[in-house]
Amino acid sequence: MSDADGYPAEFERIEAAVDAGQTDLRTLGFWRLLARVKADPVLAHHWAEQAGRIDRKAWEARTWLSVPVWFGNAVLAVGALVGVVAVAFALTTDSEELAGLALIFAALDWSATFHVPAHWLVGRATRMRFLAYYVRDLIPPIPALKIDYATYLRVAPEARAWMHASGAIASKVGPFLALAFWPASGAPGWAAWAILGYGLLIIGTDVFISTRKSDWKRFRREMRIARIQAANR
């Protein structure tokens, strides 16, 4: 690492801009700088603290609602339990139609509630920390988990990649888990087809959208960094 690479000046410039009220890190060149830093694990460790501090300042300045991680996890755990209740109802009700609707509800419920906790579980298992849950979008309101970027940079890129992938995988498990209860429920065939169709639909969104915009894009980015690090050894 050399000061000639411009890292100290760049980090200082970006942090000063964030302190002055600018929160668009992409415009400030923060993510381009981080792409260079990530390519070298020594640099990633060295700049982790300042990079994490900058990221947190920008996030706090533009986030209007956040809750503690334990609270967000608890809410989503309760939500997942509601899906369990729906499946139990489907298995015990005498109404085939209600059983079908309950299974469809469980599929949708688990697809939504499994996603973010999976990120948290895999992240914590790889020694990442998280700051809070927050609302990422208003319409519809989508819960998101804010990572402590300093800890993110300190783990191997492969671990970062699988943390990103875990949420995408978990949200696809939900519908097929609900579908597994269909044979024992007595629910009509249309319920199974609806759940299967939904499961295939969200897999399709991963293939055509997430690889360019969301979790799978981040997975591919971090795996590419892993290959760059391996080639530089």
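Now for a description of the structure that goes with this document. (Residues numbered from 1 in each chain as written. Predicted model: local features only at pLDDT ≥ 70, side-chain atom pairs only at ≥ 80, totals over all residues. Heavy atoms only, no water.)

Remarks on the pattern of salt bridges
Phase 1 of the analysis: What the rule picks out here adds up to 13 salt bridges.
Phase 2 of the analysis: Between glutamate 49 and arginine 154 there is a salt bridge whose closest N-O contact spans 2.7 Å. Taken together, the residues glutamate 49 in helix α4 (residues 41–62) and arginine 154 in helix α8 (residues 149–154) connect sequence positions 105 residues apart.
Phase 3 of the analysis: Here the residues in one salt-bridge network are Glu15, Asp19, Arg53 and Lys57, joined through shared partners. (Salt bridge = Lys/Arg side-chain N within 4 Å of Asp/Glu carboxyl O. Helix = DSSP H or I, 4+ residues; strand = E, 2+ residues; numbered from the N terminus.)

Points about the packing of aromatic side chains
Phase 1 of the analysis: For the structure on display, the rule yields 10 aromatic pairs.
Phase 2 of the analysis: With a centroid separation of 5.5 Å and 70° between ring planes, the pair formed by tryptophan 31 and tyrosine 149 is classed as edge-to-face. Remark: tyrosine 149 occurs in helix α8 and tryptophan 31 occurs in helix α3 (residues 30–38); sequence separation between them is 118 residues.
Phase 3 of the analysis: When its relative accessible area of 30% is taken as the criterion, tryptophan 31 is described as partly exposed. (Phe/Tyr/Trp six-rings, centres within 6.5 Å; stacked < 30°, edge-to-face > 60°. Buried < 20%, exposed > 50% of the residue type's maximum accessible area, 1.4 Å probe, protein only.)

Examining the packing of α3 against α4
Helix-helix packing: each pair is described by the crossing angle between the helix axes and the interaxial distance.
Phase 1 of the analysis: Across the interface, α3 lies against α4 with an axial gap of 8 Å and an inter-helix angle of 155°. The angle between the axes of α3 and α4 places the two elements in the roughly antiparallel class. Between α3, through Phe30, Trp31, Leu34, Arg36, Val37 and Lys38, and α4, the contact on the second element is made entirely by Pro41, Leu43, Ala44, Trp47, Ala51, Ile54 and Asp55. (Axes fitted to C-alpha atoms, helices over the stretch in contact; angles between N-to-C directions. Parallel < 35°, antiparallel > 145°, perpendicular 65-115°, else oblique. Contact = heavy atoms within 4.5 Å.)

Section: the nonpolar core
Phase 1 of the analysis: Of all hydrophobic cores here, the largest spans 32 residues; its most connected members are Phe11, Ile14, Leu25 and Phe30.
Phase 2 of the analysis: Top contributing element to this core by residue count: α4, with 7 residues.
Phase 3 of the analysis: The contact partners of isoleucine 14, leaving out residues within four places of it in the chain, are Leu25, Leu28, Gly29, Phe30, Leu33 and Ile54.
Phase 4 of the analysis: Judged by nonpolar contacts, the second largest core, of 16 residues, contains Ala86, Ala90, Leu103 and Trp110. (Core = buried A, V, L, I, M, F, W, Y, C linked by side-chain atoms within 4.5 Å.)

Some points on the environment of valine 75
Phase 1 of the analysis: In this fold, valine 75 is placed in helix α5 (residues 69–92).
Phase 2 of the analysis: Exposure remark for valine 75: the relative accessible area of 46% places this residue in the partly exposed category.
Phase 3 of the analysis: C-alpha of valine 75 to C-alpha of glutamate 10: the two residues are 65 residues apart in sequence and 40 Å apart in space.

Details of the side chain of aspartate 55
Phase 1 of the analysis: Mapped onto the fold, aspartate 55 is located in helix α4.
Phase 2 of the analysis: There is a polar contact of 2.6 Å between the side chain of aspartate 55 and the side chain of lysine 146.
Phase 3 of the analysis: Discounting residues that sit within four places of it in the chain, aspartate 55 has contacts with Leu25, Phe30, Trp31, Lys146, Ile147 and Tyr149. (Polar contact = N/O pair within 3.5 Å; in protein donor to acceptor, adjacent residues only side chain to side chain.)

Section: helix α7 (residues 115–125)
Residues separated by three or four positions in an α-helix point in the same direction, a consequence of the helix having 3.6 residues per turn.
Phase 1 of the analysis: Those residues of α7 not exposed but buried are Val116, Pro117, Ala118, His119 and Gly123.
Phase 2 of the analysis: Once α7 ends, the next one or two residues include arginine 127, with phi positive near 75°.

A short note on unusual backbone geometry
What you tend to see is this: most non-glycine residues have negative phi, and most peptide bonds are trans.
Phase 1 of the analysis: Positive phi outside glycine occurs at arginine 127, with the angle close to 75°.
Phase 2 of the analysis: Along the chain, arginine 127 turns up in the loop between α7 and β2 (130–138).
Phase 3 of the analysis: Classification of arginine 127 as exposed rests on a relative accessible area of 73%.

Some points on the side chain of threonine 151
Phase 1 of the analysis: Its location among the elements puts threonine 151 in helix α8.
Phase 2 of the analysis: A residue is classified by how much of its surface remains accessible, and threonine 151, at 7% relative accessible area, is buried.
Phase 3 of the analysis: Dropping the residues within four chain positions of it, threonine 151 is found in contact with Arg127, Met128 and Arg129.

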